[in-house]
Amino acid sequence: MLGLELIVVIGAALVACRIAAQRTGIAAPVLQLGVGVLLGLIPAFGVLELPSEVVLLLFLPALLWWEAFNTSLREIRRYRRGIFLTSTILVVVTAAAVAATAHAFGMPWGPAWVLGAALAPTDATAVNVVARYLPRRQIMVLRAESLVNDGTALVVFGLAVGVVVGEEHLSLALVGWEFLVSYAGGIAAGVLSALFWVWLRRKVTDTLTACTIFFLIPFTGYLLAEFIHASGVLAAVAAGLIVSQTSPVYGSAPARRQVFATWGFATFLLNGALFVLIGIESQAALRGMEGADLAQAVGLVAAIALVLVGVRLAFLYASAYLIRLIDRRPQQRLLRVSNRSRIVSGLSGFRGAISLAIAIAVPTTISSGAPFPSRDVIVFTTFGVICVMLLPAFFLPAVIRWADLPADTEPDEELQYAKVQTSNAAVEALPRLAAELDVHADALARLQSEMREHLDFLESDPEEEGPDTIPRVRGDYDRLRLAVLAEKRAVLVMLRNERRIDDAVLRQMQYRLDIEEMRLLEDPDEED
């Protein structure tokens, strides 16, 4: 019965936190974590222990796939060097710094590296805490870093655990092989999963079947990667990026709207439930500590939180100036950001789901049968650092205002450009489409007049979005209008592929076109 009670309580907590976040301005994950801690004080919930498999197999594939699906591939290409550095080298450097700190507090080197691996990666979903305050470019880079660095952290974790339990002996060849299998195998698994389901999706017209296919993509890629001992996290990310490029090309407007609505709701529930469960689990982590160990662990949490922020800031500054010293190309200078912007990025390195999964996945015993050394300290410290690292969310909006980040006008400019280009292309294609569909001349004349008026409106006042409603008619007009929408979609995809507009702009325009198409496809008998 506890399972049903937990579902109801978590659902009610999400509703309350959502309302409170809207009214207070406090980030919802912070409130969800706090509610989880309070729920953990209730005896019935305090005994709850979340298996790592639940986080790794239920939460992570879905959340990371959706984050990747909504991430801009163009921005990843543009900032690929910085993303690569922060998602690989920074992860290893951070793990080493955390390990050194834990060792200074008396933890053996092996378990210290396990703790370092758990706390090294930032969290893709926790980044949403400050998403609405940051320019698109900065939030996209933070998300891309968080999507990739999980794979690096899991490799470090596997090596560290293998050494501690006595199953591995570190060597350069072993480390290189583990990274190669993790990255190459994970990406390959994600690509294969996405290509298979996209191929099947092209043959499906039913909306519910299409939604089911989208649901299966991340989990198929994750499981395939796990089967070959590669990174399931990277498989989900790779699949999400591929589907984001193909979804505008295939499928109907109702299917796309259903998929977006379903996944938006599902990821809201999963992400919120995960933070509530992290708060509840903190009680289980606390029970494993005693007296002096607890006091030392609290000090370790504070020290590691400071180390994480310090190492991240130092790396962001050092890598930026090193790149400036090596790369003097004019295009590289366009990618530079201010020092204040780096401070914002340094404070935005939140920890979350992957750290939780790694901590509770630590084995309870080693090969000799003895308990895994310092496991309780690792689990407690990880939970503590996750909570502490969310505290900057309270004052980050003020830091962002102080940073005076430049206004990000590129999305609005690209949206306006996409509107004009698609409307121009549709006007030019209208006579050809009318001839192909053999429509009545009056329908062609009426639509030509409306489209020219709409285009004149766009070009004369870029700040406006055009008429709110599209006239609804019957017969030839509807068929011609649908053909025009298909033409606009084709132009949108071309502009995205030529990197003249971003994926986010394409999705925004596609949403409007889909809504317009669904209005045209409605049953005429339902309207006057």
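Keep in mind it's a predicted model, so treat the numbers as computed, not measured.

> Explain the overall build of the protein to me, please; I cannot follow it from the model alone.
A tally of helices and strands in the protein yields 22 helices and zero strands. When contacts within the protein are restricted to residue pairs at least 6 apart in sequence, those whose partners lie at least 24 apart make up 83%. Accessible area for the protein stands at about 23800 Å²; split by element, carbon and sulfur atoms hold 64% of it.

> Explanation requested: unusual backbone geometry in the structure shown.
In most cases, non-glycine residues show a negative phi, while peptide bonds are predominantly trans. Of note, His229 is a non-glycine position whose phi angle comes to about 60 degrees, a positive value. Topologically, His229 is positioned in the loop between α10 (207-227) and α11 (232-246). Look at His229 and you get exposed, because its relative accessible area is 67%. Even without being a glycine, Ser374 presents a positive backbone phi close to 65 degrees. Structurally, Ser374 can be placed in the loop between α16 (353-360) and α17 (375-389).

> Sorry, what's going on with the packing of aromatic side chains here?
Aromatic rings considered in pairs are described by the distance between their centres and by the relative angle of their planes. Evaluation of the coordinates by the stated rule reveals 14 aromatic pairs. Ring centres of Trp65 and Trp263 lie 4.8 Å apart, and the angle between their planes is 40 degrees; on these two criteria the pair is classed as tilted. Placement of the pair is Trp65 in helix α4 (residues 52-69) and Trp263 in helix α12 (residues 253-287), with a sequence separation of 198 residues. Among the aromatic side chains, those forming a connected cluster through ring pairs are Trp65, Trp66, Phe69, Phe214, Phe215, Phe219, Phe260 and Trp263. Across from the ring centre of Tyr317, 5.7 Å away, lies the NZ or CZ of Arg342, which sits over that ring.

> Could you clarify how one ought to interpret the side chain of Ser341 in this entry?
In this structure, Ser341 sits in helix α15 (residues 339-347). Among residues more than four places away in sequence, those in contact with Ser341 are Gln138 and Leu405.

> Looking at this structure, I do not really get the side chain of Thr152. What am I missing?
Along the chain, the position of Thr152 falls in helix α8 (residues 136-165). What makes Thr152 buried here is its relative accessible area of 1%. Among all residues touching Thr152, those that are not within four sequence positions of it are Ser87, Thr88, Val91, Val92, Phe179 and Tyr183.

> Help me understand the pattern of salt bridges in this model?
Pairs can form between side chains of opposite charge once their charged atoms are near each other. Counted under the stated rule, the structure contains 13 salt bridges. Note that Arg74 and Glu414 form a salt bridge whose closest N and O atoms lie 2.9 Å from each other. Taken together, the residues span a long stretch of sequence, with Arg74 in helix α5 (residues 73-78) and Glu414 in helix α19 (residues 410-437) at a distance of 340 residues. Like Glu414, Arg74 is buried. Across the pair Glu75 and Arg78 runs a salt bridge, and its minimum N-O distance is 3.6 Å. Here Glu75 and its partner Arg78 are both found in helix α5, three residues apart, which amounts to about one turn of the helix. For Glu75, a relative accessible area of 2% gives the class buried. Given the relative accessible area of 31%, Arg78 is considered partly exposed.

> It is not clear to me how empty space enclosed by the protein should be interpreted in this structure. Could you clarify?
A water-sized probe, rolled over the atoms, reveals where empty space remains. Throughout the structure, instances matching the rule amount to three cavities of 30 Å³ or more. Lining the largest cavity are 15 residues, with Arg201, Phe214, Val243, Ser247 and Tyr250 sitting closest to its centre. Among the secondary structure elements, those contributing two or more residues to the lining of the largest cavity are α9 (172-201), α10, α11 and α12. The dominant element in the lining of the largest cavity, judged by the number of residues it contributes, is α12, at four residues. Class assignment of the residues belonging to the lining of the largest cavity gives a composition of eleven nonpolar, two polar and two charged.

Definitions and limits used
All chains use their own residue numbering, which begins from 1 and follows the written sequence. Since the coordinates come from a predicted model, pLDDT governs what is reported: local features require at least 70, and pairs of side-chain atoms require 80 or more to be given and counted, while whole-chain, interface and lining totals use all residues. The side-chain values count all of the structure's non-hydrogen atoms but skip hydrogen atoms and water molecules. Only DSSP runs of H or I reaching four residues or more are called helices, and only runs of E reaching two or more are called strands; each is numbered from the N terminus. Two residues qualify as a contact provided that any one of their heavy atoms is within 4.5 Å of a heavy atom in the partner residue. For the accessible areas, the method is Shrake-Rupley and the probe is 1.4 Å, while residue cover comes only from the protein chains on display. Burial here depends on accessible area, computed with a 1.4 Å probe over protein chains only, as a share of the maximum for the residue type. Under 20% is buried, over 50% is exposed, and the range in between is partly exposed. For this analysis, a ring pair means two rings from Phe, Tyr or Trp (six-membered ring only for Trp) whose centres lie within 6.5 Å, classed as stacked if their planes differ by under 30 degrees, edge-to-face if by over 60, and tilted for the remaining angles. Note on criteria: charge over ring means Lys NZ or Arg CZ within 6 Å of the ring centre, with the direction from the centre no more than 35 degrees off the ring normal. For this analysis, a salt bridge means a side-chain nitrogen from Lys or Arg found within 4 Å of a carboxyl oxygen belonging to Asp or Glu. Of the two site types, the cavity is a set of points on a 1 Å grid over the protein atoms alone where a 1.4 Å probe fits but cannot get out, and the pocket is an open set with protein on both sides within 12 Å along at least five of seven lines, each lined by residues with an atom within 4 Å of a point. Grid points are joined across faces, edges and corners, and a volume is the space filled by probe spheres set on the points. Any residue outside Ala, Val, Leu, Ile, Met, Phe, Trp, Tyr, Cys, Pro, Asp, Glu, Lys and Arg is labelled polar, Gly included; the first ten of those are nonpolar and the last four are charged.

So, to be careful, I would describe these as geometric facts and stop short of saying anything about function.
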